[in-house]
Amino acid sequence: MIPPLDPAHSPRENLLVIAPPGCGKTELLARRAAHLLPVLEPHQRILALTFSNRAKANLAERLLTGLGPQRFRRIKVTNFHGHAAELIRAHGPTIGLDPHCPLANKSTLSQAIEPYISGLPFAAAAQSKRQIELALAAAKSQPHDDDEVLKVLAEIGNQAALEIELERRQQGVLHYDDLLRHAQRLLGIKKIAYLYQQHFSAILVDEFQDLSPQQLQIALASTARHRTFVGDPLQGIYSWAGARPAEVEAHLLEICGEPHYLNTSYRSSPAVLAVVNRASSLLGGQPLQAADPAAWPSGGQALYATFDTGLQEAQWILDEATRLLEADPSTTIGVIIRAAWRRRPIDEVFANAKIPTQRWDLPIEDDLIVQHLLDAIQRLPRQADMATITQTVLESIDPTDVDTREQALHALHEFSTLVKHDGTPRAAAAQLRPPATERAISPGVHILNAHTGKGQQFDWVFIPGIEGFHIPSGQAKTPAERQEELRVALVMLSRARHGLAATRALTLIANSGNPYSTKPSQWWAAITSACHPA
Ligand SMILES: Nc1ncnc2c1ncn2[C@@H]1O[C@H](COP(=O)(O)OP(=O)(O)OP(=O)(O)O)[C@@H](O)[C@H]1O
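Not measured: the values here are computed from a predicted model. (Residues numbered from 1 in each chain as written. Predicted model: local features only at pLDDT ≥ 70, side-chain atom pairs only at ≥ 80, totals over all residues.)

A tally of regular secondary structure across the protein chain gives 20 helices and 16 strands. For the protein chain, the spread of C-alpha atoms along the three principal axes comes to 65 × 65 × 55 Å. Residue burial in the protein chain is summarised as follows: out of 534 residues, 45% are buried. Taking as baseline every contact in the protein chain between residues at least 6 positions apart, the subset at least 24 positions apart corresponds to 77%. (Helix = DSSP H or I, 4+ residues; strand = E, 2+ residues; numbered from the N terminus. Buried ≥ 20, exposed ≤ 12 C-beta atoms within 10 Å, placed from the backbone. Contact = placed C-beta atoms within 7 Å.)

Here it is in structure tokens:
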């Protein structure tokens, strides 16, 4: 029998691959790169674009493993905002931008909005913030210059957004959304686009379903040939951030023609896939088969459990994680929680855990950032103060890598608190969890949310809080928003390799300190119907 052609070796110049979770999309990008490199001129490189730093690290690790260090050097792995920032640094003056103007990070806009919402009740503040963000995002989602942005904002009629934009201009800084807008403007200039297209003669884009039309335009303009897009519309969870999966897919179909579909999971055990298939069937997805079902001891595990309180649920997760790590210290365990407010019992119980635990929301626990920090402390004299350490850390980070710089600033802030407590930077540094050097996911427990878990995988996944108001989020009001919440649940469930545990608590503690009863998630029955009781 002739084996089916690996889409990575497809002779097509533009390739679209659609596949459910764990079917090897990211892995395919590494094989595609290996296939394309010999076709390119020796001076040409491949641009690999992702969304977040985590996704960037994940893809870079796969590419490095698949290609080896020498070939990997010919791939530029970056995220959209990093790519945009680099364009501005290199070509900003062409459109009147100071290439050295301060580049914003995600929180710059939040800080600018703060005075407009402070003092408002929580719900009104959240709504008002969202409206300001939406107005600015709408005005900046096109390659408008600054005057055109103001015109659009005036039409939208959000006074706060207008004032924030005027203030931004006066300060001469760029907000996060400005990076993409200006990158799009710069790539609209034929000479600049040509330079990029000569340098990057192939592009790899992971998770195309999360692209905004603007990001798609940036990707397309950066490379004229050999474009590979992989993704899964059932895992689209960024429409709140501007992703337009249907529009982007339609455009990609025009460029790439008929997509390749993958449908065998290389990630998950049959037991995990049974749960993933239940969730995906609610979204109209096709069932997945495990590539090698016999390779999983007992076929994997899928468990569910209900607890009286959130603390009991968290304690059970800690006990199970401890047991798993005692049995095999190389086990990776993800505890994935949909919303930050629901994480409280987990944080409380894991604060004193004796097993390796990493919280993904804390930059001070991020391996890359900790490495920058430790390197700086190592290099500097013992008596170096925080200002010098901060400067050294920031100097060690690519100035266009806005996401890493933002994380570093947060981490340095946390680190300065540790220094106050421990006396000296060296004493504080000794308290930090040593960074893992080789694997993007180190053994032990990782506490994260659904969106940061995108594209990642763990031997075991625990999903606490499968309750109404949490999964789906209480903020999801429209049918489309609730549908996106189901896709979020699918992403969470499908991070598991061998085992999955779905849990809920019957009571939780409100901010006031009083207990209240919860209801099961509307998807609890479907999820647990494919699980065994723990
Ligand atoms: N052809 C293959 N043979 C063996 N293992 C594979 C193959 N393709 C992928 N894998 C492995 O399967 C796992 C899942 O692959 P990958 O992360 O690429 O899937 P994905 O489609 O990107 O998943 P998701 O959409 O959930 O992020 C990884 O451990 C990867 O190494």
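Further notes follow.
Moving on, we come to the environment of glutamine 371. Position of glutamine 371 relative to the elements: it lies in helix 15 (residues 367-379). With 15 C-beta atoms counted inside 10 Å, the residue glutamine 371 sits in the partly exposed group. Separated by 64 residues in sequence, glutamine 371 and proline 435 have C-alpha atoms that sit 6.3 Å apart.

Inspection of the secondary structure puts leucine 162 in helix 7 (residues 159-171). Taking the C-alpha atoms as reference points, leucine 162 and alanine 135, separated by 27 residues in sequence, lie 8.8 Å from one another.

Okay, the site of the ligand next. The environment of the ligand is formed by 14 residues, the closest being Pro21, Gly24, Lys25, Thr26 and Tyr266. Of the residues in the shell around the ligand, the class split is four nonpolar, six polar and four charged. (Near = placed C-beta within 6 Å. Nonpolar A, V, L, I, M, F, W, Y, C, P; charged D, E, K, R; others polar.)

Feature annotation in UniProt assigns "binding site: ATP" (unreviewed entry) to the following positions: Ala19, Pro20, Pro21, Gly22, Cys23, Gly24, Lys25 and Thr26. Inspection of the secondary structure puts alanine 19 in the loop between strand 1 (14-18) and helix 1 (25-36). Note on alanine 19: 23 C-beta atoms within 10 Å, which makes it buried. Look past the residues within four positions of alanine 19 in its chain and what remains in contact with it is Lys25, Asp232, Tyr261, Leu262 and Asn263. Relative to the helices and strands, proline 21 resides in the loop between strand 1 and helix 1. Here proline 21 falls in the buried class, since 25 other C-beta atoms lie within 10 Å of it. Apart from the residues within four sequence positions on either side, proline 21 is in contact with Asp232, Gln235, Arg267, Val276 and Ser494. (UniProt positions renumbered as here; feature names shortened; annotations may be inferred.)

Burial analysis of strand 3 (residues 75-79) places four of its five residues in the buried class, the great majority of the element. Note: strand 2 (residues 45-50) against strand 3, five bridges, orientation parallel. Residue leucine 47 lies in a different strand from strand 3, and its bridge partner there is lysine 76. Each parallel crossover has a hand, and the one from strand 2 via helix 2 (residues 53-72) to strand 3 is right-handed. (Pairing = 2+ DSSP bridges. Right-handed = clockwise from strand over helix to strand, strands pointing away.)

One finds Ala48, Val275 and Leu493 to be the most contacted residues of the largest nonpolar core, which totals 121 residues. Here valine 275 is in contact with Ala302, Leu493, Leu500, Ile527, Ala530 and Cys531, once residues within four sequence places are set aside. By size, the runner-up hydrophobic cluster in this structure holds 13 residues, among which are Ile369, Ala376, Ala411 and Ala428. (Core = buried A, V, L, I, M, F, W, Y, C linked by C-beta atoms within 7 Å.)

In this section: the sheet that holds strand 1. Taken in spatial order, the six strands make up an open sheet running 3-2-4-5-1-6, and their pairing is parallel. At either end of the open sheet lies a strand with only one pairing partner, and these are strand 3 and strand 6 (260-261). Each of strand 2 and strand 3 is contacted by helix 3 (residues 80-91), which is oriented at about 105° to strand 3, the strand it contacts most. Those strands touched by helix 11 (residues 245-256) are strand 1 and strand 5 (227-231), and its axis lies near 135° from that of strand 1. (Axes fitted to C-alpha atoms, helices over the stretch in contact; angles between N-to-C directions.)

A few words now on the domain arrangement of the protein chain. How large an interface is tends to be reported as the accessible area lost when its parts come together. Structurally, the protein chain comprises domain 1 (7-83 + 185-262), domain 2 (105-172), domain 3 (270-356 + 443-533) and domain 4 (363-431). When each unit is reduced to the centre of its C-alpha atoms, the spacing between domain 3 and domain 4 is 33 Å. (Domains from an automatic or database assignment.)

Mean pLDDT for the protein chain: 92, with 98% of residues reaching 70 or above. Across the whole predicted complex the pTM is 0.89, and at the interface the ipTM reaches 0.97. (pLDDT = per-residue confidence, 0-100.)

Residue proline 472 is reached from isoleucine 471 by a cis peptide bond, and omega for that bond is 5°. Residue position: proline 472 is located in the loop between strand 13 (458-463) and helix 19 (479-493). Even without a glycine there, the phi angle at serine 298 is positive, about 55°. For serine 298, the position within the fold is in the loop between strand 8 (289-290) and strand 9 (301-309). Here phenylalanine 469, not a glycine, exhibits a phi torsion of approximately 75°, which is positive.

Now for the pairing of strand 14 (residues 496-509). When you tally the buried positions in strand 14, you get eleven out of 14 residues, the bulk of the element. Judged from the eight bridges that link them, strand 9 and strand 14 form a sheet pairing that is parallel. Across the sheet, residue alanine 305 finds its bridge partner in strand 14, namely threonine 503. In the sheet, strand 14 pairs with strand 15 (residues 515-517) via three bridges, with the strands oriented antiparallel. Along strand 15, the bridge assignment pairs leucine 508 with tyrosine 516. Connecting strand 14 to the next strand, strand 15, in antiparallel fashion are five residues, including glycine 513 with a positive phi near 100°.

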